[in-house]
Amino acid sequence: MTYEVRPLRPEDSKLAWDLGSLAFGYHEQPVPDGWDPSSRGRHTLGAFDPAGRMVAKAVDREQGQWFGGRIVPTCGVAGVATAPELRGRGLGRLVLTRLLQGARERGAVISTLFDTTPLPYRALGWEEVGALTYWTLSTRVLGAIRPDPTITLRPATEADLPAVQELYRQVARAGTGMMERSGPAFDATPAQLLADYHGFTVALDDAGTIAGYASWDRGPGYDASGKLTVDDLIGLTPEATRTLLAMLGGWASVAPTAVLRLGATDPAWSLIARVDAKPATAQPWMVRVVDAPGAVAARGWPRHLTGEVDLDLVDDVCPWQQGRWRLVLSGGEGRLEAGGAGTVRLTPRGLAAWYAGAATPEQLRRAGFLTGGDADTDDLLRAATAGPPPTLHDYF
Ligand SMILES: CC(C)(COP(=O)(O)OP(=O)(O)OC[C@H]1O[C@@H](n2cnc3c(N)ncnc32)[C@H](O)[C@@H]1OP(=O)(O)O)[C@@H](O)C(=O)NCCC(=O)NCCS
């Protein structure tokens, strides 16, 4: 059968809602008034059978993620679904392959997604690089942390939010893969952001500067079921981090469980014993390189690293980037020049994991994602993307 793959039109909204809501289990809900699967910053593709039935779909979200201190234009893939009766027959591949083409044409250089299963995405060149993790621990454990006398806590006001966002950005810029919380996917007003939480607390230092914040929800009840869920807890100073954690500890009598979203190397871990925290939920996420020369040019590279490696990229899903490229790094900038000897061969999953700093050349070689090269090329490639482990705090 021949399927037509095209961007959705306004009249396709109901079909998109029906396919997506059934796949993700919110089919009891009616289509919200004015719902538009292709609202600003969202590019939805559908596959249609000759009778006009939508049989598969996927969304490309415009977003940016921080790598090496720069925002990399990203295609955030969401809402991927194939009609139940037609799964396993190539429709997911068809739609996602076209989605990648479109994403490249609109300027995205990498793609990220949260996978419910890695298998179809691995078949198309994405690789898992991290997991968004909420940790659960007894709130009592945090009660042992004392607030710092130089820090004042108070509820955030709308006027605080630009400073709060800048504080988040400072941490994101120094991280790997963190979301840039601006652009079409982040258009909530300060009032909406504050209304999203039961508590949004800022920590001020003795100069009155915001040095940390926490956004949190207090679940119902005050018995054993009482729970505090913390989305962001970000301290720029040890005093701010300590004081925010101590505030959470103050909930121990009525919310005995605390659930915190924390990256694996967050400084909050310096105050929490790892043995006290268990993963509550872990949502893996994946990366794929969509436009290799663009992706290399877009991210930041170590300023003190200079060198070249000849790569051979194997990629039949994104054939425009297949072939030989010379990676040239100098002064914090990187570029891919067409040509070279193709010394180090990378599969799409290998390229993704290396670009994201999720795996060393040695690990990639052992996984079968990298062949060729020698100790020198390994050294350069390892140093090039070494950094904090890939971390993403925003589910999409
Ligand atoms: C995930 C989903 C979209 C895949 O769509 P699909 O049309 O079945 O996928 P395809 O038939 O095009 O398969 C694409 C590739 O993934 C592989 N694949 C897909 N589902 C797989 C599975 N369950 N196990 C192993 N491999 C799988 C296929 O073998 C194929 O690889 P190949 O082309 O190299 O042979 C579909 O199963 C679905 O709608 N699932 C429910 C909703 C969902 O989980 N969405 C994903 C959200 S992240």
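Presented here is an overview of the structure given in this document. Only a predicted model underlies this, so the values are computations on that prediction, with no experimental measurement involved.

1. Some thoughts on the overall build of the chain
Consideration 1: Scanning the chain from terminus to terminus reveals 11 helices and 17 strands.
Consideration 2: Computed over C-alpha atoms, the radius of gyration of the chain comes to 23 Å, within 12% of the 21 Å expected from 2.2 N^0.38 for 396 residues, which places it in the range of a compact globule.
Consideration 3: By its C-alpha atoms, the chain is 60 × 55 × 35 Å across when sized along the principal axes.
Consideration 4: A total of 396 residues make up the chain; the buried ones form 49% of that total.
Consideration 5: Within the chain, contacts between residues separated by at least 24 positions form 71% of all contacts whose residues are at least 6 apart in sequence.
Consideration 6: Looking at the chain as shown, the accessible area adds up to about 17,800 Å², and 54% of this sits on carbon and sulfur atoms.
Consideration 7: Between the centroid of the 39 positive side chains of the chain and the centroid of its 45 negative side chains there is a distance of 3 Å.

2. A short note on the site of the ligand
Consideration 1: The ligand sits among 18 residues. The nearest are Val80, Thr82, Gly88, Gly90 and Arg93.
Consideration 2: Within the backbone of Gly88, an N or O atom sits 2.7 Å from an oxygen atom of the ligand.
Consideration 3: Here Leu91 contributes a backbone N or O atom positioned 3.4 Å from an oxygen atom of the ligand.
Consideration 4: If the ligand stood free it would expose 910 Å²; the protein chains cover 68% of that surface.
Consideration 5: Most atoms of the ligand, that is more than half of them, are within 2 Å of grid points of the largest pocket.
Consideration 6: Broken down by element, the residue count for the shell around the ligand peaks at 4 residues, all from helix H3 (residues 119-123).

3. Thoughts on the pattern of salt bridges
Consideration 1: Counted by the stated rule, this structure contains 24 salt bridges.
Consideration 2: Between Asp232 and Arg261 there is a salt bridge; the shortest N-O distance is 3.0 Å. Remark: Arg261 occurs in strand E11 (residues 257-261) and Asp232 occurs in strand E10 (residues 227-235); sequence separation between them is 29 residues.
Consideration 3: With a relative accessible area of 4%, Asp232 lands in the buried category.
Consideration 4: Look at Arg261 and you get buried, because its relative accessible area is 9%.
Consideration 5: In this structure, Asp315 engages Arg288 in a salt bridge whose closest nitrogen and oxygen atoms are separated by 2.8 Å. With a gap of 27 residues between them, Asp315 in the loop between strand E13 (307-313) and strand E14 (323-330) and Arg288 in strand E12 (residues 278-289) connect regions that are remote in the sequence.
Consideration 6: Of the residues examined, Asp315 reaches a relative accessible area of 3% and is grouped as buried.
Consideration 7: Residue class for Arg288 comes out buried when judged on its relative accessible area of 1%.
Consideration 8: Overlapping salt bridges bring together Glu166, Arg169, Arg173 and Glu180 as one network.

Rules used throughout
- Residues numbered from 1 in each chain as written.
- Predicted model: local features only at pLDDT ≥ 70, side-chain atom pairs only at ≥ 80, totals over all residues.
- Heavy atoms only, no water.
- Helix = DSSP H or I, 4+ residues; strand = E, 2+ residues; numbered from the N terminus.
- Rg over C-alpha atoms; globule rule 2.2 N^0.38 Å.
- Buried < 20%, exposed > 50% of the residue type's maximum accessible area, 1.4 Å probe, protein only.
- Contact = heavy atoms within 4.5 Å.
- Areas by Shrake-Rupley, 256 points an atom, 1.4 Å probe, with all protein chains shown as cover.
- Lys, Arg positive; Asp, Glu negative; His and termini not counted.
- Charge placed at Lys NZ, Arg CZ, Asp CG, Glu CD.
- Near = heavy atom within 4 Å.
- Polar contact = N/O pair within 3.5 Å; in protein donor to acceptor, adjacent residues only side chain to side chain.
- 1 Å grid on protein atoms, 1.4 Å probe; cavity = no way out; pocket = protein on both sides within 12 Å on 5 of 7 lines; lining within 4 Å.
- Sits in = over half its atoms within 2 Å of the grid points.
- Salt bridge = Lys/Arg side-chain N within 4 Å of Asp/Glu carboxyl O.

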